[in-house]
Amino acid sequence: MENKEKLLIWLKEFQEKLNAFDLALGTISFDDETVAPSAGADYRNKAFALLAGEIFIYKTSDIAFNNLKKLQSCKLDETTKRIVDIYIKSIEKTKCIPKKMYVEFVKLQKESTQIWRKAKKDNNYNLYKPYLLKIIEMTKKIYACRKSKMPLYDQMLDDFEEGMDMKKYDAFFELLKAKIVPLIKKINSAKKIDDKFLNQKFAIDSQKNFNNVLLEYLDFKKENGYMATSSHPFTMELSIGDVRITTRYNETQLSENIFSVIHEIGHAFFQQQIDKKFEGTPITCAIGSGMHESQSRLLENQIGRSIEFWKPLYKKLQNHFPKQLEKVNLEKFINAINISIPSFIRTEADELTYSIHIIIRYELEKEIFNGKININNLNKVWNEKYKKYLGITPPTDTLGILQDIHWSDGSFGYFPAYALGSAMAAQWINTMRKKINVNNLLSSGKFIEIKKWLKNNIHQYGALYTSIQLLKKVTNEEFNPKYYVDYLIKKFSSLYKIKI
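Residues numbered from 1 in each chain as written. Predicted model: local features only at pLDDT ≥ 70, side-chain atom pairs only at ≥ 80, totals over all residues. Heavy atoms only, no water.

**With respect to the packing of aromatic side chains**
Part 1 of the reasoning: Under the definition given, this model contains 31 aromatic pairs.
Part 2 of the reasoning: Judged by centre distance (4.8 Å) and plane angle (20 degrees), the ring pair of Trp10 and Phe14 falls under stacked. Here Trp10 pairs with Phe14, and both are found in helix H1 (residues 4-34), just four residues apart, close to one helical turn.
Part 3 of the reasoning: Accessibility expressed as a relative area gives 10% for Trp10, which makes it buried.
Part 4 of the reasoning: You can call Phe14 buried: its relative accessible area is 1%.
Part 5 of the reasoning: Between Tyr354 and Tyr418 the ring centres are 6.4 Å apart and the planes differ by 85 degrees, which places this aromatic pair in the edge-to-face class. One end of the pair, Tyr354, is in helix H16 (residues 354-369); the other, Tyr418, is in helix H18 (residues 415-435), with 64 residues separating them in the sequence. The same class applies to Tyr354 and to Tyr418, which are both buried.
Part 6 of the reasoning: Site record: aromatic cluster; members linked through ring pairs are Phe160, Tyr354, Phe369, Trp382, Tyr386, Trp407, Phe412, Tyr414, Phe415 and Tyr418.
Part 7 of the reasoning: Stacked on the ring of Tyr58, the Lys or Arg Lys17 has its end atom at 4.6 Å from the ring centre. (Phe/Tyr/Trp six-rings, centres within 6.5 Å; stacked < 30°, edge-to-face > 60°. Helix = DSSP H or I, 4+ residues; strand = E, 2+ residues; numbered from the N terminus. Buried < 20%, exposed > 50% of the residue type's maximum accessible area, 1.4 Å probe, protein only. Lys NZ or Arg CZ within 6 Å of the ring centre and 35° of its normal.)

In structure tokens form, the structure reads like this:
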């Protein structure tokens, strides 16, 4: 199989088989997190690991790798070249791993995640600790197979956002620590904003009913989207036409569900609005984590927490919760949903302190994989960093090291992409405001026009370009965190009426 035409036919068949495997694994994973009975976990984990092993064999075979390398040397159109490049980079990272080790790691990921759920529920770090330590050690072995000259943690960061490394993140986070940490301290001493009305009892059924209003307002259609409940909100893209999100409900905290939904819909839109000509290719699923987070954070914060966004919606929210909200005007509601108070849980953190939660995880991960920390006391070090940066100490491990799912499946290097995405979001909307009147469109209930702008300028391309390339293409600038810092300072100094 030497000529280009035959190689392209093979590529199509190769992708179709991989897609079938990925669909099976994705469906199992979604069910596992939402509706699957816990008693079947062991059986599912074994089946999942077996399927993952079969994918590993097929994807990393000499035939596949050699055919892709031959295609890479051919003259290809932009899309096909990008597809081939994505596959080769992915295979080079996994082909070096012995199959037995790979399957063992996949099985450990599933088992560790199951134990994490129980440990979090029972506030039992000692139950989870041996699995976390195994995940860390196994992750080191997996990366060692690559024999890369890059520092270990740089490899992890690059896996989640191509082109990012410790040097770039260090510079970004030092800027945040220099500009945002002092602002947080000033706000902690400022006059408090009343948000008590958000902490009343809000019936779960009523929250679910309002979600239907929210989904319709945001144009999240049931024909290509689905929403369920899970312990940790997430988005699962099975195809352009099948994107699933989850939320979670807190009866005494209304905003938790609302902003989880808005956040995950930001992710979902990115997948649903990719040009259909890319369906079935890695261009739909190789999007950088920071890029993806930029869309969810943009929708959740810059748009979803603005007064303009809520002008057409707030009356409907009041109608669902008349007893709790009928005497709360829109301005008071907006102030409350933008309140800044240091808290323990990352996913519930306010917009200002959110990136500090990320800095804490970044520093921990960097120390873990640079060998500068005693991993036997991670929960204690976690608490020390919260005291250092936010002035609070988690009273339990459930509110501390057990709160996130990421480490249970070995997703080290992912967390920094959340802060990167928040900063990129500020850069995106700065450009968007130059092209369309964002505030007027939101105030008049024309969110669909903003969705169209995102599709035409960002979403349609999927992973055709790297995040850095697309950011430059749309904003005419490299990544520039100044927009994010300026946005936070302007917004929160105004909200709390303090001078900077």
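**Notes on the pattern of salt bridges**
Part 1 of the reasoning: Tallied over the entire structure, the rule returns 32 salt bridges.
Part 2 of the reasoning: The closest approach of N and O atoms between Lys110 and Asp32, which form a salt bridge, is 3.4 Å. One end of the pair, Lys110, is in helix H5 (residues 99-122); the other, Asp32, is in helix H1, with 78 residues separating them in the sequence.
Part 3 of the reasoning: Relative accessible area serves as the criterion here: at 13%, Lys110 is assigned to the buried category.
Part 4 of the reasoning: On the basis of relative accessible area, Asp32 is assigned to the buried category, the value being 9%.
Part 5 of the reasoning: Where Glu348 meets Arg248, a salt bridge forms, and the shortest distance between an N and an O atom there is 3.9 Å. Of this pair, Glu348 sits in the loop between helix H15 (330-337) and H16 while Arg248 sits in the loop between strand E3 (242-247) and helix H10 (254-272), placing them 100 residues apart in sequence.
Part 6 of the reasoning: We classify Arg248 as buried; its relative accessible area is 12%.
Part 7 of the reasoning: The structure contains a network of salt bridges with shared partners spanning Glu174, Lys177, Glu363, Glu367 and Lys385. (Salt bridge = Lys/Arg side-chain N within 4 Å of Asp/Glu carboxyl O.)

**Looking at the layout of surface pockets**
Part 1 of the reasoning: Of the pockets and cavities examined, the second largest pocket occupies roughly 990 Å³.
Part 2 of the reasoning: Considering the residues around the second largest pocket, the lining is formed by 29 residues, among which Asn338, Lys490, Lys491, Ser494 and Leu495 are closest to the centre.
Part 3 of the reasoning: Elements with a minimum of two residues in the lining of the second largest pocket: helix H11 (289-303), helix H12 (307-310), H15, H18 and helix H22 (482-495).
Part 4 of the reasoning: Per element, the largest residue contribution to the lining of the second largest pocket is seven residues, and it comes from H22. (1 Å grid on protein atoms, 1.4 Å probe; cavity = no way out; pocket = protein on both sides within 12 Å on 5 of 7 lines; lining within 4 Å. Points joined across faces, edges and corners; volume = space filled by probe spheres on them.)

**Considering empty space enclosed by the protein**
Part 1 of the reasoning: Scanning the entire structure with this criterion turns up three cavities of 30 Å³ or more.
Part 2 of the reasoning: Considered as a void within the structure, the largest cavity measures approximately 70 Å³ in volume.
Part 3 of the reasoning: Along its surface, the largest cavity is lined by Glu161, Met164, Leu420, Met424, Ser467, Ile468, Leu471, Glu478 and Phe479.
Part 4 of the reasoning: Counting residues per element, the ones that place at least two in the lining of the largest cavity are H18 and helix H21 (467-475).
Part 5 of the reasoning: Taken together, the residues of the lining of the largest cavity sort by class into six nonpolar, one polar and two charged. (Nonpolar A, V, L, I, M, F, W, Y, C, P; charged D, E, K, R; others polar.)

**Concerning unusual backbone geometry**
Part 1 of the reasoning: With phi around 60 degrees, Asp219 is a residue other than glycine that occupies positive phi space.
Part 2 of the reasoning: The topology assignment puts Asp219 in the loop between helix H9 (204-217) and strand E1 (225-229).
Part 3 of the reasoning: A positive phi angle is found at Lys497, which is not glycine, with a value near 55 degrees.
Part 4 of the reasoning: Tracing the sequence through the fold places Lys497 in the segment after H22.

**Section: the environment of Thr466**
Part 1 of the reasoning: Here Thr466 lies in the loop between helix H20 (447-457) and H21.
Part 2 of the reasoning: Once the C-alpha coordinates of Thr466 and Met291 are considered, the two residues, 175 residues apart in sequence, prove to be 8.9 Å apart.
Part 3 of the reasoning: Sequence-distant contacts of Thr466, that is, excluding residues within four places in its chain, are made with Arg82 and Glu162. (Contact = heavy atoms within 4.5 Å.)

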